[in-house]
Amino acid sequence: MTLAEVFAALWSDYVAMTPQAARIQRLFAARGEHVQNDHVAFRTFDCAGLGLAAVAAPFERLGYLERDRYRFADKKLIAKYWQHPDRTLPKIFISELCTAELSPEARAIIANLVTQLPAGFADRADLPWAGRPWRCTRADYEALLAESEYAAWLAAFGFRVNHFTVAVNTLTTFSGLRELGAFLVAEGFTLNNAGGAIKGTPADHLEQSSTRADTVAVDLAGETLLLPSCYYEFAKRYVDSATGEVFHGFVPASADKIFESTDVATTT
Ligand code: NI
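Description of the structure in this document.

The rules behind these values
Residues numbered from 1 in each chain as written. Predicted model: local features only at pLDDT ≥ 70, side-chain atom pairs only at ≥ 80, totals over all residues. Heavy atoms only, no water. Pairing = 2+ DSSP bridges. Helix = DSSP H or I, 4+ residues; strand = E, 2+ residues; numbered from the N terminus. Axes fitted to C-alpha atoms, helices over the stretch in contact; angles between N-to-C directions. Contact = heavy atoms within 4.5 Å. Phe/Tyr/Trp six-rings, centres within 6.5 Å; stacked < 30°, edge-to-face > 60°. Buried < 20%, exposed > 50% of the residue type's maximum accessible area, 1.4 Å probe, protein only. Polar contact = N/O pair within 3.5 Å; in protein donor to acceptor, adjacent residues only side chain to side chain. Core = buried A, V, L, I, M, F, W, Y, C linked by side-chain atoms within 4.5 Å. Parallel < 35°, antiparallel > 145°, perpendicular 65-115°, else oblique. Left-handed = near helix turned anticlockwise from the far one by under 90°. Nonpolar A, V, L, I, M, F, W, Y, C, P; charged D, E, K, R; others polar.

With that settled, consider the sheet that holds strand β4 (residues 91-97). Taken in spatial order, the seven strands line up as β2-β3-β4-β1-β5-β9-β6 in an open sheet, and their pairing is mixed. Bordering the open sheet on either side are β2 (65-72) and β6 (206-210), each of which pairs with just one other strand. Direction aside, the axes of adjacent strands within the sheet are offset by 20° on average. Across the sheet, helix α6 (residues 149-157) touches β1 (37-45), β3 (77-83), β4 and β5 (161-167), and the angle it forms with β1 is around 90°.

Here you go:
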C-alpha cells in the first residue's frame, strides 16, 4: 500500500466513527480550504506484542521516522510520535496504556481481551485500522471505564484512528484557533473545554483545540450502547526561537487535556 492509500483507509474508517469530521471538512471545502493534517493519533495496549512499535511498523515501512517520547503519568500512558521526511504529511502520534499500572481487576479484563487475538494480529500491515479483534462485554467496558477512560475506549473500539488533527497553519480563511472555534460553535459543534477551549500558548509553540467526541452505536456482545467515539482536533504551531524552526513536537500538559475529549462525562 502507498501512504496515500493508507491515509484514505484511515480517513474512511475515521469518518464512519466520527461523522462530524466529514461535516467539518465539507464546511472547510466550501470556504475554499485545502485541509492538511498535523497529526493522526492512535491508542494501544502495551502488551501481547501490541505496543507502540507494532502500531508504528506499517508507517515506518513507508518512511516514517521515530521522534520524541512523552509520559502521561496521570493517564498511565507513554506516547511517541513519528515524522515523515515529506513535512506535508501528518505526524503519527501513538500512545500505549501501561497496563502494569492498572488494578488487578482491570489487568484481568485486558488479559482476557488480548488472549482472543487471532494469530499474527499484531503483525498485520493494517493494524492501525484493523478494528476490534475481541469480544468486549458491557460489564468489561463499564469496569474499565471506572478506572481508565482510555482502556474502555480501546476495549470497545479496538484499533483505529482516535483523531485526525487539522494543521491550522495551512488554513487560509481563519486567523487562529479562537476564530476557528467560534465558527465551529456557530455551526453547532461542541468543543472540548477541559482546561479551556484552547490548550497551550504561543510560548509553548503549540496551541490545540478539539471537538467533543461523536457518539455512535456500538455492539458489545449483543447489547447496543451509545458511546463516545472519536473527535476532531486542530493544531496551530509556532516558530521555536531557540531553533528558528516551526516546533513539531507535543506539549504533554495540553495533550493530557485533549485526551479527555473522549470522556463520557461532558465537561462544560
Ligand atoms: Ni492530537
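From this point, things continue past the structure.
Quick look at the packing of aromatic side chains now. Counted under the stated rule, the structure contains 20 aromatic pairs. Centroid distance W11 to F164: 4.9 Å. Interplanar angle 85°. Geometry classified as edge-to-face. Placement of W11 in helix α1 (residues 3-17) and of F164 in strand β5 is noted, with a sequence separation of 153 residues between them. Judged by relative accessible area, which is 2%, F164 ranks as buried. Ring geometry for Y81 against F250: centres 5.1 Å apart, planes inclined by 70°, an arrangement best described as edge-to-face. A residue pair is termed long-range when its members are at least 10 positions apart, and Y81 in strand β3 and F250 in the loop between β11 (245-246) and α8 (252-258) qualify at 169 residues. F250 gets classed as buried once you look at its relative accessible area, which sits at 6%.

Relative to the helices and strands, S254 resides in helix α8. Of note is the side chain of S254, whose polar atom sits 3.3 Å from the backbone nitrogen of G200.

The next subject is the nonpolar core. One finds L10, F42, I92, F93, W134, L180 and F234 to be the most contacted residues of the largest nonpolar core, which totals 81 residues. Of all the elements, α6 adds the most residues to this core, at eight residues. Aside from chain neighbours lying at most four places away, what touches I92 is F7, V40, F42, F59, Y64, K80, Y81 and W82.

In this fold, D68 is placed in strand β2. For the pair D68 and F250, spaced 182 residues apart in sequence, the C-alpha to C-alpha distance is 8.6 Å. Discounting chain neighbours no more than four positions away, the residues touching D68 are A79, K80 and Y81.

A separate point is helix α3 (residues 52-60). What α3 keeps buried is the set L52, A54, V55, A56, P58 and F59. Next to the buried residues of α3 lie α1, β1, β3 and β4.

What follows concerns the packing of helix α4 (residues 104-114) against helix α5 (residues 138-145). Across the interface, α4 lies against α5 with an axial gap of 10 Å and an inter-helix angle of 140°. Of the possible angle classes, the one that applies to α4 and α5 is oblique. In this structure, α4 crosses over α5, and the sense of that crossing is left-handed. Contact with α4, carried on its side by A106, I109, I110 and L113, involves D140, A143 and L144 of α5 and no other residues of that element. Class assignment of the residues belonging to the contact of α4 with α5 gives a composition of six nonpolar, no polar and one charged.

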